[in-house]
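These are the residues of each chain, in order.
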Amino acid sequence: MSNEILNYDKVAEASLAKAKRDGAETMWDRKAAQKTQCGFGEAGVCCRICAMGPCRVSPVPGKGAERGICGANADTIVARNFARMIAGGASAHSDHARDIVHAMHATKAEGPFKIRDEAKLRRISAEWGIEGADTKETYALAHELAEMALGEFGKPFGTQRFLKRAPQARQDVWEREDIAPRAIDMEVTTLMHSTHMGCASDYESIFRRGMRTGMADGWGGSMIGTEFSDILYGTPTAKASSSNLGVIDKDQVNILIHGHDPNLAEMIVLAAENPEFIEMAKAKGAKGINIVGMCCTGNEMTMRHGIKIAGNFYQQEMCIITGAIEAVVVDVQCIFPALPALAKKYHTRFISTSEKAKIAGDMFIKFSEATGLDNANEIIKIAVENFPNRDASKVEIPDIKQDTLVGYSVEAIIDHLDKVVNTNTSDAMGTVKPLTDVIYAGVIRGAAGVVGCNNPKVEHDYAHVTVLKELIKRDVICVVTGCAAQAAAKAGLLTLEAKEMCGRGLKEVCERVNIPPVLHMGSCVDISRILHLVNLCADVKGIDPALLPVVGIAPEWMSEKAVAIANYVVGSGINTYLGIIPQVLGSPNFTKLMTEDCQEFLGAHFVFEKDPLVMVDKIMVDLEDKRTALGI
Ligand code: NFS
Ligand code: SF4
């Protein structure tokens, strides 16, 4: 097992040593078994789109085969592979959003699926032009809005409704470049068609279609996912939580919720409050029921309920290795197929719940909106009844946990800004203007959205935490989502005390507004919150967001979703820094298009940089250049 990339994380060291003692296999063993990864795949030049292949063209131009059997060259093959990753990512986010909308369509006043943020329901309904958005009966309106949202996935004409949130200057770019996304399913389908064998071979055209599909994710699926989840389950407000494996409690029944879709997790949190279950747990010798979260289901639940964060993506196995988890409940995405076998090494029950992500190896309980609360009750019962099966000799919970603040939706940020503005000036309330003002004044040099996964190609969390620490030191305010947010939480960056790590300007802002310098904005679909925030800031000045000193960063990304995200962030005019190099280097032309040429037509580009310290230097030059161009 290669351990040097784990040195940064002390939890990992202890946890993996325990896995070894317990005879449990982890991702690190499997990574070692993979040996050297395939150079063709790494460069993106392996094509298996048709059965004449697989064809591998040379990753080094001028050496070896230059074309596949059909004649596709490295540019075409790389562009198609990259585009198909976008299609995969956009599908995942958007199909998740569709499930949220279906849940909204199934809401009833008597619950358990009901409308919890009625004001937001009415606001979005008005934004989408529903007549009587102010006056219609709540559930009639919710069902009407849900039907309209379902149309966003498959409507035959028109583009995504949320695009209107962007300043006109950006909308003009989208129109000019033909990247304003139409129906979400249409964009994905068209991209899969374009990249079918014998279809598009022009790499720039494939890039542009990929970009439009990414945009369908950000401004379509993800934004619908976020906004409709808020309507259903409440818009997050700032609250306290805690993070890292130490939140697992040896005296309680521990249930780990893992995945992305909050529909079932909300029901579990609701059901766990039932005093009958608490009594049942006590009868089994536990002090209570402890729900802990992981990945983006964890983020959704911490944002709305302060549910404790057990960790991020790469800690999913470590949770089970503590020997103290009674049930792992998963919905969709980012769940290792290895988990059921690992759970069997302990007493842990592994329960998959979505037909879209049925995971072989233990239990399947089919979740649906009609049976949601019953499913949750059943799951809690299974977990509680499993408590006595715990083997005390196998329990070892790392004594590491970190207090953290979470819940910074756009609404919560505006609320915090209002409290300051209110007492000090006569500025308009309810806007992000004070934030734009401090950026323009230079108190804060810029803003960064730091997002994305963990990846065993790099030291875990090291890139996330290094980038964040170095940026706040340089007076760059940061917002985080996904596993990056959980890395920040574990490192203590989501606290008011983290102001001490900041430069003078950002420290002052944190003190006055009473916020941490790094703000947890939610799950990965909630990157749409970041988009919304940036666009509101640009709107204050009436400019294209591409002009603002703002960057997107994914220091340790791994998933197709992250590729879709990077595309819509660049498409939205924000330079995007990737700490893991995407599998495109086999085509110097495509690489150049991504990292240089697209700047010309999109006003933004990708930057590939593995070293987080060098990345921060590049970002600071980027932000200062933007400031100079704005004359601020
Ligand atoms: Ni985002 Fe969330 Fe984490 Fe990566 Fe997976 S949990 S949707 S994909 S690994 S950040
Ligand atoms: Fe080979 Fe072309 Fe088929 Fe790809 S599409 S596998 S390059 S023949």
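The shown structure was predicted, so the numbers you read here are calculated from the model rather than taken from an experiment.

The rules we used
Residues numbered from 1 in each chain as written. Chains lettered and ligands numbered in written order. Predicted model: local features only at pLDDT ≥ 70, side-chain atom pairs only at ≥ 80, totals over all residues. Heavy atoms only, no water. Donors = N, O, S within 2.8 Å, 3.2 Å for Na, K, Ca; no water. Helix = DSSP H or I, 4+ residues; strand = E, 2+ residues; numbered from the N terminus. Buried < 20%, exposed > 50% of the residue type's maximum accessible area, 1.4 Å probe, protein only. Pairing = 2+ DSSP bridges. Near = heavy atom within 4 Å. Nonpolar A, V, L, I, M, F, W, Y, C, P; charged D, E, K, R; others polar. Domains from an automatic or database assignment. Disulfide = S-S within 2.5 Å. Salt bridge = Lys/Arg side-chain N within 4 Å of Asp/Glu carboxyl O. Contact = heavy atoms within 4.5 Å. Buried area = accessible area lost by both parts, 1.4 Å probe. Polar contact = N/O pair within 3.5 Å; in protein donor to acceptor, adjacent residues only side chain to side chain. Axes fitted to C-alpha atoms, helices over the stretch in contact; angles between N-to-C directions. Phe/Tyr/Trp six-rings, centres within 6.5 Å; stacked < 30°, edge-to-face > 60°. 1 Å grid on protein atoms, 1.4 Å probe; cavity = no way out; pocket = protein on both sides within 12 Å on 5 of 7 lines; lining within 4 Å. Points joined across faces, edges and corners; volume = space filled by probe spheres on them.

Draft legend 1. Spotlight on the coordination of the nickel atom of ligand 1. Coordination of the nickel atom of ligand 1 by the protein involves just one donor, Cys524 (SG), at a distance of 2.2 Å. Within the secondary structure, Cys524 sits in the loop between strand E13 (518-522) and helix H21 (527-541).

Draft legend 2. Just the pairing of strand E4 (residues 253-259), in detail. Of all seven residues making up E4, seven are buried, and the element is well covered by its neighbours. The alternating pattern of E4 places Val253, Ile255, Ile257 and Gly259 on one face and Asn254, Leu256 and His258 on the opposite face, and all of these are buried. Note that E4 and strand E5 (residues 289-294) share six bridges and pair parallel. Its bridge partner lying in E5, Ile257 is registered against Gly293. Taken together, the four bridges between E4 and strand E7 (residues 327-330) define a ladder with parallel strand orientation. Counted as the bridge partner of His258 is Val330 from E7.

Draft legend 3. Layout of the site of ligand 1. What surrounds ligand 1 is the set His260, Cys295, Cys296, Phe313, Cys334, Gly452, Cys453, Cys483, Cys524, Met558, Ser559 and Lys561. Within the shell around ligand 1, the residues separate by chemical class into eight nonpolar, three polar and one charged. Two domains each provide a minimum of three residues to the shell around ligand 1, namely domain 3 (245-394) and domain 4 (402-630).

Draft legend 4. A look at the state of the cysteines. Scanning the model with the defined rule gives zero disulfides in all. Of the cysteine sulfurs around Cys510, a residue in no disulfide, the closest is that of Cys502, at 4.7 Å.

Draft legend 5. Expanded view of the pattern of salt bridges. With the rule as written, the count across this model stands at 46 salt bridges. The shortest N-O distance in the salt bridge between Glu470 and Lys473 comes to 3.3 Å. A residue pair is termed a helical-turn pair when its members lie 3 or 4 positions apart in one helix, as Glu470 and Lys473 do in helix H18 (residues 462-473) at three residues. Note that Glu470 is salt-bridged to Arg474, the shortest N-O span being 2.7 Å. What makes Glu470 buried here is its relative accessible area of 15%. For Arg474, a relative accessible area of 29% translates into the label partly exposed.

Draft legend 6. Just the domain arrangement of the protein, in detail. Once the domains are mapped, the protein shows domain 1 (37-65), domain 2 (74-233), domain 3 (245-394) and domain 4 (402-630). For domain 1 versus domain 4, the distance between C-alpha centres works out to 35 Å. In this complex, domain 1 contributes eight residues to the contact, which on the side of domain 4 involves six residues. Buried area between domain 1 and domain 4, both sides added, is near 470 Å², and the carbon and sulfur share of it is 47%. Broken down residue by residue, the surface that domain 1 buries against domain 4 is led by Glu42, Ala43 and Pro61, which jointly contribute 60%. Inspection of the region where domain 1 meets domain 4 yields one salt bridge. In this structure, Lys457 engages Glu42 in a salt bridge whose closest nitrogen and oxygen atoms are separated by 3.4 Å. Inspection of the domain 1/domain 4 interface yields two residue pairs in polar contact (both at pLDDT 80 or more). Split into classes, the residues belonging to the side of domain 1 that touches domain 4 amount to four nonpolar, three polar and one charged.

Draft legend 7. Structural view of the site of ligand 2. Neighbouring ligand 2 are the residues Cys47, Ile49, Cys50, Met52, Gly53, Cys55, Gly68, Ile69, Cys70, Arg80 and Met197. Its residues assigned to classes, the shell around ligand 2 shows eight nonpolar, two polar and one charged.

Draft legend 8. A look at the sheet that holds strand E12 (residues 476-481). With parallel pairing, six strands are arranged side by side in an open sheet as E13-E12-E11-E14-E15-E16. The sheet is open, and its two borders are formed by E13 and strand E16 (606-608), each paired with just one other strand. Taken pair by pair, the neighbouring strands of this sheet meet at an average axis angle of 25°, ignoring direction. In this structure, E12 lies alongside E13, joined through four bridges in parallel fashion. By the bridge assignment, Val480 is partnered in E13 with His520.

Draft legend 9. Spotlight on the side chain of Ser15. When you line up the elements, Ser15 lands in helix H1 (residues 10-22). Excluding anything up to four places from it in sequence, Ser15 contacts Met318 and Ile321.

Draft legend 10. Expanded view of unusual backbone geometry. Backbone torsion omega between Gly53 and Pro54 reads 10°, so that peptide bond is classified as cis. Summarising the element assignment, Pro54 is placed in the loop between strand E1 (46-47) and strand E2 (55-56). In the segment running from Gly111 into Pro112, the intervening peptide bond is cis, with an omega of 5°. Topologically, Pro112 is positioned in the loop between helix H4 (74-105) and helix H5 (118-127). With a phi close to 50°, Cys295 is a non-glycine residue in the positive phi region. When you line up the elements, Cys295 lands in helix H12 (residues 295-305). Judged by relative accessible area, Cys295 falls into the buried class, the value being 1%. Even without a glycine there, the phi angle at Asp461 is positive, about 70°. Mapped onto the secondary structure, Asp461 falls in the loop between strand E11 (446-450) and H18.

Draft legend 11. Broad picture of the packing of aromatic side chains. Evaluation of the coordinates by the stated rule reveals eight aromatic pairs. Measuring from centroid to centroid gives 5.1 Å for Trp128 and Phe162, while their planes differ by 55°, and the two rings are tilted. Here the residue Trp128 occupies a position in the loop between H5 and helix H6 (138-154), and Phe162 occupies one in the loop between H6 and helix H7 (168-177), the gap between them amounting to 34 residues. Considered together, Trp128 and Phe162 belong to a single accessibility category, that of buried residues. Seen from their ring centres, Phe313 and Phe336 are 5.2 Å apart, and the 85° between their planes marks the pair as edge-to-face. Residue Phe313 is found in the loop between strand E6 (308-311) and helix H13 (316-321), and its partner Phe336 is found in the loop between E7 and helix H14 (339-344); the two are separated by 23 residues along the sequence.

Draft legend 12. Just the layout of surface pockets, in detail. Each pocket or cavity is described by its volume, and for the largest pocket that value is around 950 Å³. Together, 32 residues line the largest pocket, and Gln37, Met85, Lys457, Met558 and Gln583 are the ones closest to its centre. Partitioned by chemical class, the residues of the lining of the largest pocket number 18 nonpolar, seven polar and seven charged. As a volume, the second largest pocket reaches approximately 680 Å³. Taken together, 48 residues make up the lining of the second largest pocket; nearest its centre are Leu435, Thr436, Val438, Ile439 and Ile477. Tallied by class, the residues present in the lining of the second largest pocket amount to 36 nonpolar, eight polar and four charged.

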